[in-house]
Amino acid sequence: MSGDSADPYDRYRDRTPASAELSERAKRVLPGGDTRSVTYHGPYPSFFTEASGATVTTADGETLLDFLNNYTQSVLGHAPEAPVEAACDRLQHGNDVAAPNEDIVELAERLVDRISSVEQVRFGNSGTEGTMNAIRGAMAWTERDRILKVEGGYHGTHDTVEVAVGDESAHEGIPDSVKKRVDAVPFNDTEALKNRFECAGEEYACFILEPIMGVGGMIPAEESYLETARDLTAAADSLLLFDEVMSFRLAPGGAQERYGVEPDLTALGKLIGGGLPIGAFGGREDVMSQFHPETGGLKHSGTFNGNPATMAAGAALLDQYDADRIEALNERGDRFRERLQGIGDVSDRPVRITGDGSLFQIHVTDEPVTDYESSTAGEPPLEDLFIRMRNDGILLAPRGMGNLSTAIEDEHTDTFLDAFEEAIDRIPEANSTTAV
Ligand SMILES: Cc1ncc(COP(=O)(O)O)c(C=O)c1O
């Protein structure tokens, strides 16, 4: 158990010899032995061989309970039957044709029916493409080339949105000309937002934000903040762009339905592909009509845009992930976060749990967590917590973020809570460093 006095990283190495070997092999051909920054952790990540329902099996033969779910994407757990069958069926009947098919329309109809602010939608292959194309659409619509975002707000890996994420070293390779076109404001600070719009509101093509800031600490927006954002963008003829790549899981119509504020444009990704790569952007018909091939000026191409197997899997997933299931998952998530906070309240470390519904983030701090600056996501104590929980068979993000899928049962959440109770008192104090 995590109560063991052994160094948790030594325990990790002892448990994962096959992953260590695979990692050495991978390092010859992949920088760091991996191909996704966020899945890397020290001393090396575990390689997985299979995933089913709530569990992941590793190359070392371990079975882990998955509370990470591919960073919120696997909302029905791994290999859910209907989406897998739909994708396989499509692949067997020919998938790679340069022409539209009905599967694209089926998924688009489901999204337009569910999200009241989305009148038309376009598909790509990643959330990054979703935010990139939505921003391009906003710039073309407003004829402006500056945007406003939130400090620490993550929206994928294209240049414009990588500004004001992480420290300066994370911005290497981004041209200064791009940085100059992006301003950032602290999340949940209504006064700062008003001041920014007073200074330069009419220069912004859009204000992009998540209704619940995910990577920056899983912090829900305060009600008045989103309403203020709506009013200020409208008054400045700027567009309000919600990134719902992560938060869409919170209601049939996304977090915008749950929080009651409608944006002009929405970016989507993750779960709507039913387990296959996807991104999407949609919103007001007048703005989206810029992408009409005959009458609009904007191009939007991609060999795998609207990949039929992805579309079929996504539609099958949304049919399963309906209003009743979403409500039940949110309620379970709310109870789970309360129980986590309860353990934190009696632990030796100051613990704050943030999140909403099935999304949660563990913070180690006495202070209220309202924005990127007050968030402790990713600080050394949380990496230590991650490796201890991992040694006890539980997967969450190294930065202390997690989420529930519908495959997670009460016995799994009980196991998580027991491991958390053991581990939390053993992590280093905040501001100390972790040896890896
Ligand atoms: C809020 C948000 N926006 C955009 C993205 C980018 O999506 P993708 O990784 O599919 O490019 C992510 C990915 O984690 C995200 O969490």
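What comes next concerns the included structure. (Residues numbered from 1 in each chain as written. Predicted model: local features only at pLDDT ≥ 70, side-chain atom pairs only at ≥ 80, totals over all residues. Heavy atoms only, no water.)

**Structural notes on the layout of surface pockets**
Once rolled over the atoms, a probe with the size of a water molecule shows which space is left empty. Each pocket or cavity is described by its volume, and for the largest pocket that value is around 1500 Å³. The wall of the largest pocket is formed by 46 residues, among which Val38, Tyr71, Tyr154, Val215 and Arg399 lie closest to the centre. For the lining of the largest pocket, the elements supplying multiple residues, two or more each, are helix H3 (69–72), helix H6 (127–142) and helix H15 (380–391). Classifying every residue of the lining of the largest pocket gives 19 nonpolar, 20 polar and seven charged. Looking at which domains feed residues into the lining of the largest pocket, each of domain 1 (8–75 + 325–424) and domain 2 (81–320) gives three or more. Reported here for the second largest pocket is a volume of approximately 920 Å³. Broken down by secondary-structure element, the contributors of at least two residues to the lining of the second largest pocket are strand E1 (48–52), strand E2 (55–58), strand E3 (63–66), H3, helix H4 (81–92), helix H13 (308–320) and H15. There are two domains that each give the lining of the second largest pocket at least three residues, and those are domain 1 (8–75 + 325–424) and domain 2 (81–320). (1 Å grid on protein atoms, 1.4 Å probe; cavity = no way out; pocket = protein on both sides within 12 Å on 5 of 7 lines; lining within 4 Å. Points joined across faces, edges and corners; volume = space filled by probe spheres on them. Helix = DSSP H or I, 4+ residues; strand = E, 2+ residues; numbered from the N terminus. Nonpolar A, V, L, I, M, F, W, Y, C, P; charged D, E, K, R; others polar. Domains from an automatic or database assignment.)

**Things to note about the sheet that holds strand E6 (residues 182–185)**
By definition, the strands of a sheet pair up through backbone hydrogen bonds, in either a parallel or an antiparallel sense. The mixed open sheet is built from seven strands, whose spatial order is E4-E12-E11-E10-E7-E5-E6. On the outer flanks of this sheet lie strand E4 (120–124) and E6, each paired with one strand and no other. Adjacent strand axes in the sheet meet at a mean angle of 20°, parallel and antiparallel pairs treated alike. In the sheet, strand E7 (residues 204–209) pairs with strand E10 (residues 239–243) via four bridges, with the strands oriented parallel. Bridge pairing links Leu209 to Phe242 in E10. Packing of H6 onto the sheet brings it into contact with E4, strand E5 (146–150), E7, E10, strand E11 (265–269) and strand E12 (279–283), and relative to E7 it is tilted by some 150°. (Pairing = 2+ DSSP bridges. Axes fitted to C-alpha atoms, helices over the stretch in contact; angles between N-to-C directions. Contact = heavy atoms within 4.5 Å.)

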